[in-house]
Amino acid sequence: MNKFFKGMDVSSLLEYFDMGAQFYNGAGLDTDAFDLMEEYGVNSIRLRIWNQPELVKEARGYCDLAHTIEMAKKIKAHGMHFVLDFHYSDYWADPGQQNKPAAWKDYSFPELKRAVYEFTYEVLSALEQENCLPDMVQVGNEIRSGMLFPDGAVPNYDNLAVLLNSGIAACREVNPDIVVMIHLDQGGRFYYLKEWFDAVFDAGLLPIDAIGISFYSFWHGTFMDLKSSMTQLIERYKLPVYVMETAHPWRLCPTGHVSEDLMKTAGLPAGIKEQRQVLAMIMQIADTVTAEASARDGKEYGTGVYYWEPMVIPGHGHGSWDENMGMLDLDGQVLPAFKTYRDFTPGEIMVENLDEYMESLYCVDENQLPPAGTNLIPNGDFAQGTEGFWAICEPSDIEVTAENGEVYVSSRENFVYQLFRDVHIDKAGTYDLSVEYRGTNTTGVKVQLFLKVITCNGEEMFAKDIFPSDVSFVTHEIRDLQLKPGTVQVGIRMETPPVFGRIRNLRLVEG
């Protein structure tokens, strides 16, 4: 039977310990956090490491080497598998930001290459000396847009491969048995992952042992997309694939990490029962895909699913994630999703008729109509392409096409795109602005529909955040705008990592 890691990323746990947090098992008994995870069947722990988090106020000095060693010893004491995630930054690294550590800011590229090697080697050597070497290492965190900007930003895959190879070489040098993984976001979108891996392997990436993906159903595609993506990744690259990050909210609340609008794309709403269901589905998908690939290829592929930061408790002032994304309730007691770790057994069915069930979650009406009325935006249906609109493109080589009533925007690197025009309002009244949008979502994606009122006294901005879905076009609205005669500016703005967006039917109508 293939090894299945039932994992959690608990990188913030020491911070919770220091805040005096208490944890309770299903029987309501106060318990040690690691004892609790072990009791429920967690067998692998993932930790992130930052270079010098003491330099970043928000990091509070956590996730440095000393804290990592302390946590790694606890992991090993409980007999758990250990994954270490190198961010190569003093704070968060993700598709929207891959900032160099302050100490490396002015390094030349050869110096940067050497720094990646030395930092990786020194961290792993220190852990080895303390008898808590990781079993698996991520060289970079969600690096689909690259790492150590600007030197390692895509589409400069040659530079990126050199930097990654430095980290890989350090891992091999410390201990050749370490499983080396490359981790990207967009786990449900094979076309992004294929383009990236093909390019970086062509650029000379050294052999790796595993692929890691993030999959959040409110950002990264449907559950069917996840299954298809994992299947194709294993088939193409003959490497095991692990879901290294996933989560689902157990409630909606004003201070929570995700909104009701964003959850419209997730397949299942926020909820205690739904959180458990999502985790069960993802575990079953990973297990089924891997078992099928192992049988087909005649080799055993491992896999695993890691919930990101489940050991957080609402009300501790640590951030919006804590309020609705963890697996503990307001009192620190385990939620039902925790039981999924104990209940799931590889090879067994958790969700009956899984494929049919997943399909049933996405009954989306493709013909959503914007508000009735006459559109006041000339060429708002883009029948004449983007004629009459202004555009801001940064960098200037963003791919933009406009045909068949739709504007398509894409880039292979972080970009800003803004499409807008002036509209004249003849009479005072109530107006509704809307647009149909379809596109990729992930960490760092910012898309806004906006209307700017322009007067001799200045400007007033109205904006609506768009939480994209690539399942279908979704209509996004700003309703009940009280406008006076004069000029307004309407448009849409994207500020994102490498993604695509599709825009159609920009409408301003009298309400």
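Above this text you will find the structure in question.
Trainee: When you look at the side chain of S214 in this model, what are you seeing that I'm missing?
Mentor: You can see S214 is positioned in strand 10 (residues 210-214). Relative accessible area serves as the criterion here: at 0%, S214 is assigned to the buried category. Ignoring anything within four residues of it in the chain, the contact list for S214 reads E142, H183, L184, D185, Q186, G187, H220 and E245.

Trainee: For this particular structure, what's the right way to read the packing of aromatic side chains?
Mentor: Any aromatic ring pair is given by two values, namely how distant the centres are and how the planes are angled relative to each other. In this structure the tally under the stated criterion is 29 aromatic pairs. Ring plane angle 80 degrees and centroid distance 5.0 Å describe the contact between W196 and F197, whose orientation is recorded as edge-to-face. Each of the two residues, W196 as well as F197, counts as buried. Relative to W321, the ring of Y216 lies with its centre 6.3 Å away and its plane at 80 degrees, an arrangement referred to as edge-to-face. Taken together, the positions of Y216 in the loop between strand 10 and helix 7 (223-237) and W321 in helix 10 (residues 321-324) put the pair 105 residues apart, joining distant regions of the chain. On the basis of relative accessible area, Y216 is assigned to the buried category, the value being 3%. Pairwise contacts between aromatic rings join W50, Y91, W92, Y216, F218, W219, W308 and W321 into one cluster.

Trainee: Just checking my understanding: could you explain unusual backbone geometry for this structure?
Mentor: For residues besides glycine, phi is generally negative; the peptide bonds are generally trans as well. In the segment running from F149 into P150, the intervening peptide bond is cis, with an omega of 0 degrees. Positionally, P150 belongs in the loop between strand 7 (146-147) and strand 8 (152-153). Following E394, the chain continues to P395 via a peptide bond in cis, the omega torsion being 0 degrees. Looking at where P395 falls in the secondary structure, it is placed in the loop between strand 13 (390-394) and strand 14 (399-403). Positive phi, close to 65 degrees, is recorded for Q186, a residue that is not glycine. Position of Q186 among the secondary structure elements: in the loop between strand 9 (179-184) and helix 6 (190-202). For N505, which is not glycine, the phi dihedral falls at a positive 50 degrees.

Calculation rules
Residues numbered from 1 in each chain as written. Predicted model: local features only at pLDDT ≥ 70, side-chain atom pairs only at ≥ 80, totals over all residues. Heavy atoms only, no water. Helix = DSSP H or I, 4+ residues; strand = E, 2+ residues; numbered from the N terminus. Buried < 20%, exposed > 50% of the residue type's maximum accessible area, 1.4 Å probe, protein only. Contact = heavy atoms within 4.5 Å. Phe/Tyr/Trp six-rings, centres within 6.5 Å; stacked < 30°, edge-to-face > 60°.

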